[in-house]
Amino acid sequence: MMIRSILLSFALLLAGCGSSTARQSDSARDVESDSIAEAVTPEITLLFAGDAMQHQAQLDQAKIRGGGSRYDYSQCFTMIAPEIQEADYAVVNLEVPLGGGPVYRGYPCFSAPDSYAEALRDAGFDLFLTSNNHCLDSGMKAARRTLTALDSIGVDHIGTYNDSVQREQLVPFIKDIKGFKIGFLNYTYGTNGIEPRDGMEVAIIDRDRMAREIAATRAAGAELVVVTVHWGIEYVLTQNKNQENLAQFLLDQGTDLVIGGHPHVIQPMMVVDNEKTGKKSLVVYSLGNFISNMKTADTRGGALVRAVIGRDENGKPTFKEANYDTFLSAKPTGNSDNYCVIPSWMTDSIPAAQREHWNIFNRGAEKIFNQYNVDVPRKHK
């Protein structure tokens, strides 16, 4: 308001005492138009990364770097953080409960310290997905504690809830991102045979429930809907019929972006025509691992995808385009190092002993993407 007043006063001074009311009004409209133009963002970028794992070797290394009193993950995401932070809103799958200690565990029943989530937040991630097959690994108390811990570090999260009442309160989840109202939903195929108890709510893939929640998200004001799904067969580089059928079902409900994870390897991504919305939609079957201690070639890296959201000729938000990049989850070379996500445009930083691992992973990923991707190119050549 102060800037507007100064500009108006300056306009009046230039015009002199004899200026007309019409000229004063024109000046006011010009200032108002400038203000509106500055407030409207023409487009935003959403960024999605895959499974943030936490195996025992990662815990051990973080403890060494923390000096025994704290688990230190400060080196893990420094190289890729600028790319994450450049996005307007970044999403990651937190595939580990935050159990609170004093003992933390890797595979098969995960539990990680809060500092792991803090490092992901500091890297630039805004939304943490918690509905996955490992979310109940450490029991109901740890699953509920995960939600409290994520609240305490100031990040958004969806997928698991303290009880059905909280789920009804928090779904739909709609985020206003620079004037774009985006709804996000998160579901998993299962929880490794551990049934939710004591009222704990996990968003399981259930078509009737998903359809209701997508419709409720639209009705609550979401201009675009993103559904993130934990699905597919582990270590298989292409989607199966179940994934394709579920993706089509979600598109038929009016979903704009379908983003998948769980296989621990990359799978194709494609821009498709959505008959329900009459617009383009994005389907990503799997982004692979974001960080892990997995050893087979196809699991040593992953992909991130960026979705650009803009406005159509009527000013309505719409998905415009997408691109991807790959990265290596590099292992430490000594006690002073940590696990580190190294993006494809910084391959000179890959330790010499791991460059062949990168080459094998990246060649395999490129073969899949070149063969099956539809209108989702690599960003960094």
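Residues numbered from 1 in each chain as written. Predicted model: local features only at pLDDT ≥ 70, side-chain atom pairs only at ≥ 80, totals over all residues. Heavy atoms only, no water.

Caption draft 1: Just helix α6 (residues 139-152), in detail. Given a rise of 1.5 Å per residue, 14 residues ought to cover 20 Å, and the 20 Å separating the end C-alpha atoms of α6 matches this to within 8%. By the burial criterion, the buried members of α6 are Gly139, Met140, Ala142, Ala143, Thr146, Leu147, Ala149 and Leu150. At its buried positions, α6 is contacted by β2 (89-94), α5 (114-123), β3 (127-129), β4 (156-158), β5 (160-161) and α7 (164-170). Downstream of α6 by a residue or two, glycine 154 has a phi angle that is positive, lying close to 80°. (Helix = DSSP H or I, 4+ residues; strand = E, 2+ residues; numbered from the N terminus. Expected span 1.5 Å × (residues − 1). Buried < 20%, exposed > 50% of the residue type's maximum accessible area, 1.4 Å probe, protein only. Contact = heavy atoms within 4.5 Å.)

Caption draft 2: View of the pairing of strand β11 (residues 266-274). In terms of residue burial, β11 counts as a mostly covered element, since eight of its nine residues are buried. As paired strands, β11 and strand β12 (residues 279-287) are joined by eight bridges and run antiparallel to one another. Paired with methionine 270 across the two strands is valine 283, which belongs to β12. Connecting the antiparallel pair β11 and β12 is a turn made up of four residues, with glycine 278 showing a positive phi of about 75°. (Pairing = 2+ DSSP bridges.)

Caption draft 3: Summary view of the packing of helix α8 (residues 207-219) against helix α9 (residues 241-252). Where α8 meets α9, the axes come as close as 10 Å, and the angle between the chain directions of the two elements is 30°. With respect to their mutual orientation, α8 and α9 come out roughly parallel. In the crossing of α8 with α9, the sense of the turn from one axis to the other is right-handed. For the pair α8 and α9, contact is made by Arg207, Met210, Ala211 and Ile214 and by Asn245, Leu246, Phe249 and Leu250, respectively. Looking at side-chain class alone, the contact of α8 with α9 contains six nonpolar, one polar and one charged residues. (Axes fitted to C-alpha atoms, helices over the stretch in contact; angles between N-to-C directions. Parallel < 35°, antiparallel > 145°, perpendicular 65-115°, else oblique. Left-handed = near helix turned anticlockwise from the far one by under 90°. Nonpolar A, V, L, I, M, F, W, Y, C, P; charged D, E, K, R; others polar.)

These figures come from the coordinates and say nothing about function on their own.
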